[in-house]
Amino acid sequence: MSMPGKASMRENQAGAQRLPTVGARRRALGLFLLLQFYFAGNVLSFGFWKSSPVFFGYQTVFYGTWLAGLVLLLCLFLATSSRFAAARFDPVVLLIFSLPFCFGLWLQTLAVLPGNPWWNAAWIVPLLFVYYRFGVLHAGKTALVMVCLCLVSFMGHSEILTEYGRFKNINPPHQTHTLDRKTSIHVIVFDALTHSTFSNAFLGVTNPAADYLSALDDAMYADTEGFVEYVPTRNFFASLFELEKGRGHYTAFSGHSRSFLTDLLRDNGYYIQTGFGDGYMGASQGEYVDSYIFDPAHLSASLVCAEQATLLGFCSKPSQAMYRDRFRKRFKRARKQTWFEEIIDSIDQAERSQPGPVFSVFHIYYPGHTRNDYQTGDPEMFAEYKKQFITRTARVKTWVEDINRLRQQFPGSIFIVTGDHGPFLSMTETEDRRFRVLDRHAVALALLNATNLCPWSKNWLEQQRYMTPGRMLAASLACNGDSRKLTEHFADREEFIRFGESLTGRKQELK
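Residues numbered from 1 in each chain as written. Predicted model: local features only at pLDDT ≥ 70, side-chain atom pairs only at ≥ 80, totals over all residues. Heavy atoms only, no water.

Colleague: Account for the overall build of the protein, naming residues and giving values.
Modeller: When helices and strands are counted, the protein shows 19 helices and seven strands. Looking at the protein as a whole, 53% of its 511 residues qualify as buried. Considering only contacts within the protein whose residues lie at least 6 apart along the sequence, 75% involve residues at least 24 apart. When the accessible surface of the protein is summed, it comes to about 23,500 Å², and 57% of that surface belongs to carbon and sulfur atoms. (Helix = DSSP H or I, 4+ residues; strand = E, 2+ residues; numbered from the N terminus. Buried < 20%, exposed > 50% of the residue type's maximum accessible area, 1.4 Å probe, protein only. Contact = heavy atoms within 4.5 Å. Areas by Shrake-Rupley, 256 points an atom, 1.4 Å probe, with all protein chains shown as cover.)

Colleague: Describe in detail a nonpolar patch on the surface, supporting the description with residues and values.
Modeller: A contiguous nonpolar patch, built from Phe89, Val92, Ile96, Phe129, Val130, Phe134 and Leu137 and spanning about 640 Å² of accessible area, is present on the exposed surface. Among the elements of the structure, α4 (90-109) and α5 (124-135) are those that each provide at least two residues to the nonpolar patch. Considering each element in turn, the nonpolar patch owes the most residues, three residues, to α5. (Patch = residues over 30% accessible without salt bridge, like charges linked within 9 Å, V, L, I, M, F, W, Y side chains within 5 Å. Salt bridge = Lys/Arg side-chain N within 4 Å of Asp/Glu carboxyl O.)

Colleague: Residues and numbers for helix α3 (residues 53-83), please.
Modeller: For α3, with 31 residues, the first-to-last C-alpha span of 44 Å sits near the 45 Å given by 1.5 Å per residue. With its phi angle positive at about 55°, Ala85 sits one or two positions after the end of α3. (Expected span 1.5 Å × (residues − 1).)

Colleague: A description of the sheet that holds strand β3 (residues 271-276) should follow, citing residues and the corresponding values.
Modeller: Neighbouring strands of a sheet are bound in pairs by backbone hydrogen bonds; such pairs are parallel or else antiparallel. If you walk across this open sheet you meet the seven strands as β2-β7-β6-β1-β5-β3-β4, and the pairing is mixed. Where the open sheet ends on each side, the last strands, each with one partner, are β2 (219-221) and β4 (291-294). For this sheet, the mean inter-axis angle between neighbouring strands, taken without regard to orientation, is 10°. Sheet topology places strand β6 (residues 414-419) next to strand β7 (residues 445-448); four bridges connect them, and they run antiparallel. Within the sheet, the bridge partner assigned to Phe415 lies in β7 and is Leu448. (Pairing = 2+ DSSP bridges. Axes fitted to C-alpha atoms, helices over the stretch in contact; angles between N-to-C directions.)

Colleague: Describe the confidence of the model for the protein, with residues and values.
Modeller: Summing up the model confidence of the protein, the mean pLDDT is 86 and the portion of residues at 70 or higher is 85%. For residues 161-169, every residue scores under 50 in pLDDT, and the model assigns this stretch 19 contacts once sequence neighbours within four places are set aside. Within the model, the stretch residues 506-511 combines pLDDT values under 50 with five contacts to residues more than four positions away or in other chains. (pLDDT = per-residue confidence, 0-100.)

Colleague: Give me the lowdown on the packing of aromatic side chains, citing residues and values where you can.
Modeller: The full count for this structure, using the stated rule, is 34 aromatic pairs. Aromatic side chains Phe190 and Trp399 sit 6.5 Å apart centroid to centroid with 15° between the ring planes, which places their arrangement in the stacked category. Of this pair, Phe190 sits in strand β1 (residues 185-191) while Trp399 sits in helix α15 (residues 379-409), placing them 209 residues apart in sequence. Given a relative accessible area of 11%, Trp399 falls into the buried group. An angle of 35° between the planes, with centres 4.7 Å apart, marks the rings of Phe198 and Phe202 as tilted. A residue pair is termed a helical-turn pair when its members lie 3 or 4 positions apart in one helix, as Phe198 and Phe202 do in helix α8 (residues 196-202) at four residues. (Phe/Tyr/Trp six-rings, centres within 6.5 Å; stacked < 30°, edge-to-face > 60°.)

Colleague: Explain the environment of Leu264 to me, using residue names and the numbers behind them.
Modeller: By secondary structure assignment, the location of Leu264 is in helix α11 (residues 260-267). Separated by 89 residues in sequence, Leu264 and Gln175 have C-alpha atoms that sit 8.1 Å apart. In this structure, Leu264 is in contact with Thr176, His177, Leu179, Leu477 and Leu486, ignoring residues within four places of it in sequence.

Colleague: Describe the state of the cysteines, and please don't skip the residues or the numbers.
Modeller: All told, the structure shown has one disulfide when counted by the stated rule. Among the cysteines around Cys148, which has no disulfide bond, Cys150 carries the closest sulfur, lying 9.2 Å off. (Disulfide = S-S within 2.5 Å.)

Colleague: Help me get a handle on the pattern of salt bridges, residues and values and all.
Modeller: A complete count under the given rule lists 11 salt bridges for this structure. Close ionic contact of Arg493 with Glu229 constitutes a salt bridge, the shortest N to O distance being 3.5 Å. You can see Arg493 sitting in the loop between α18 (469-477) and α19 (494-510) and its partner Glu229 sitting in the loop between β2 and α10 (233-240), a full 264 residues away along the chain. With relative accessibility at 28%, the residue Arg493 sits in the partly exposed group. Its salt-bridge partner being Glu401, residue Lys397 comes within 2.6 Å of it at the nearest N-O pair. With Lys397 and Glu401 both in helix α15 and four residues apart, the pair spans about one turn of that helix.

Colleague: Account for the nonpolar core, naming residues and giving values.
Modeller: Soluble globular proteins tend to bury their nonpolar side chains together. By size, the foremost hydrophobic cluster in this structure holds 48 residues, and its most contacted members are Phe32, Phe39, Tyr63, Phe101, Leu105 and Phe314. Filtering out sequence-adjacent residues up to four positions away, Phe32 remains in contact with Leu67, Leu70, Val71, Leu74, Leu94, Phe97, Ser98 and Tyr132. Membership of the second largest hydrophobic core comes to 47 residues, among which are Val228, Met281, Val443 and Leu477. (Core = buried A, V, L, I, M, F, W, Y, C linked by side-chain atoms within 4.5 Å.)

Colleague: Tell me about the side chain of Asn449, and name the residues and values.
Modeller: Along the polypeptide, Asn449 turns up in the loop between β7 and α17 (455-462). A distance of 3.0 Å separates polar atoms of two side chains, one belonging to Asn449 and the other to Arg407. A distance of 3.3 Å separates a polar side-chain atom of Asn449 from the backbone oxygen of Phe410. Residue contacts for Asn449: discarding those within four places in its chain leaves Asp218, Arg407, Phe410, Pro411, Ser413, Ile414 and Phe415. (Polar contact = N/O pair within 3.5 Å; in protein donor to acceptor, adjacent residues only side chain to side chain.)

Colleague: Run through the pairing of strand β5 (residues 358-367), naming residues and quoting values.
Modeller: Within β5, 10 of the 10 residues are buried, leaving the element largely enclosed by the surrounding structure. Where β1 lies against β5, seven bridges are found, and the strand directions are parallel. If you follow Val189 over to β5, its bridge partner there is His363.

Colleague: I'd like a rundown of the packing of α17 against α18, residues and numbers included.
Modeller: Axis separation between α17 and α18 bottoms out at 8 Å; the angle between their running directions is 160°. By the angle between their axes, α17 is roughly antiparallel relative to α18. For α17 against α18, the interelement crossing comes out right-handed. Together, Ser457, Trp460 and Leu461 of α17 and Arg471, Met472 and Ala475 of α18 make up the contact between the two elements. Taken together, the residues of the contact of α17 with α18 sort by class into four nonpolar, one polar and one charged. (Parallel < 35°, antiparallel > 145°, perpendicular 65-115°, else oblique. Left-handed = near helix turned anticlockwise from the far one by under 90°. Nonpolar A, V, L, I, M, F, W, Y, C, P; charged D, E, K, R; others polar.)

As structure tokens, this is what we get:
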């Protein structure tokens, strides 16, 4: 009587080892999908919260295609394992198909892999095996945990609990000054725009955009005395919105946190408009500015691709071409303007429609700095960036020509054109202090329609041993009486003076 029972038990155990049930396979596939959603969550979070709907839509299509391909191949492999009674290898198969999103996407967006050997993250492999081996046994609980992790990952770049909630009202109102002369001011910032003296010394080429600025009439061009106090981009704007009294917070740019500059302008009746090429400076408008715009950037200009090299081919040239030539053109809004054209139009419309003075600050991601994986001294990377610099500065020159025409249309306004930082050729340089400071802080800088400065302000600016965008902005706002206090806090950095003078000597030697 006992023998049939034991035989039946052995048959059941053997059957359990041979093939999982259809339900178990489905649960395993569901856990696979949840894990891939989690791996993609960080990069999709940036696209959703920090960029445009068009950019996020392309991300969804791109990685959705990747995921569909992985699922199709995975199903074929699982079907094959069933046919050959090799179901015990299912966790390994699932693990292998999880590696593309894990190593090619998730770990890169967390900055675990870039610049580091892949084996630094090899610890993830046994964890994946445990996830698939035992997750199916407790599929409900595992799925619940993964859903929560996916939500947390997707909210990673939101401003709901971080920037907006933390910085919205962290600063009390500033004590501002009464401006006795209220001139409209437009600040146009180019990414990594440096002057020709620097580019000639360290790249062996001139900068036609900077040279064009230097030759304009009714302008103050800083030349080798042009510097920015804080770098890179977010720090630059955080400082500018405090008039370089210190480094505030970059969310002032989009109006989500108050700043000395916005309080000053608001108290004196200015209309404030800002804009950035993507959502890097904020994905929505805050209450401390009157207008904030951002636009879908080219993939190469997006922070996603500026920070990472591959991302499963998302930042590759074929992907960029697909986004630029097909996807973006098909889905972008009806106003078929480039980002630069939208900036020009915003300034023009504000000048014509606003009854009071206007303050604008816009950023353009050109000519652009070196890649984040740039190795100082690498000849191939140097040649690649030099080629990019030559091509893009030529394009910036045409934009500066348009800015010059725009400032001639509004001769009563002041235009400040500047770089936000240098090209970062010294990315991995640690010893040459002069090179690092000039490479990061020396910029092309000019104030156009300089006759709109009060005589006192112009004299103060000319007496500075070096110029910054903040000093030019303070001089544009100051005139007589109480407003002169806007210039009292500036203190010189001796490095800027010394290294700027050394560039002048280098320029004379090159002649």
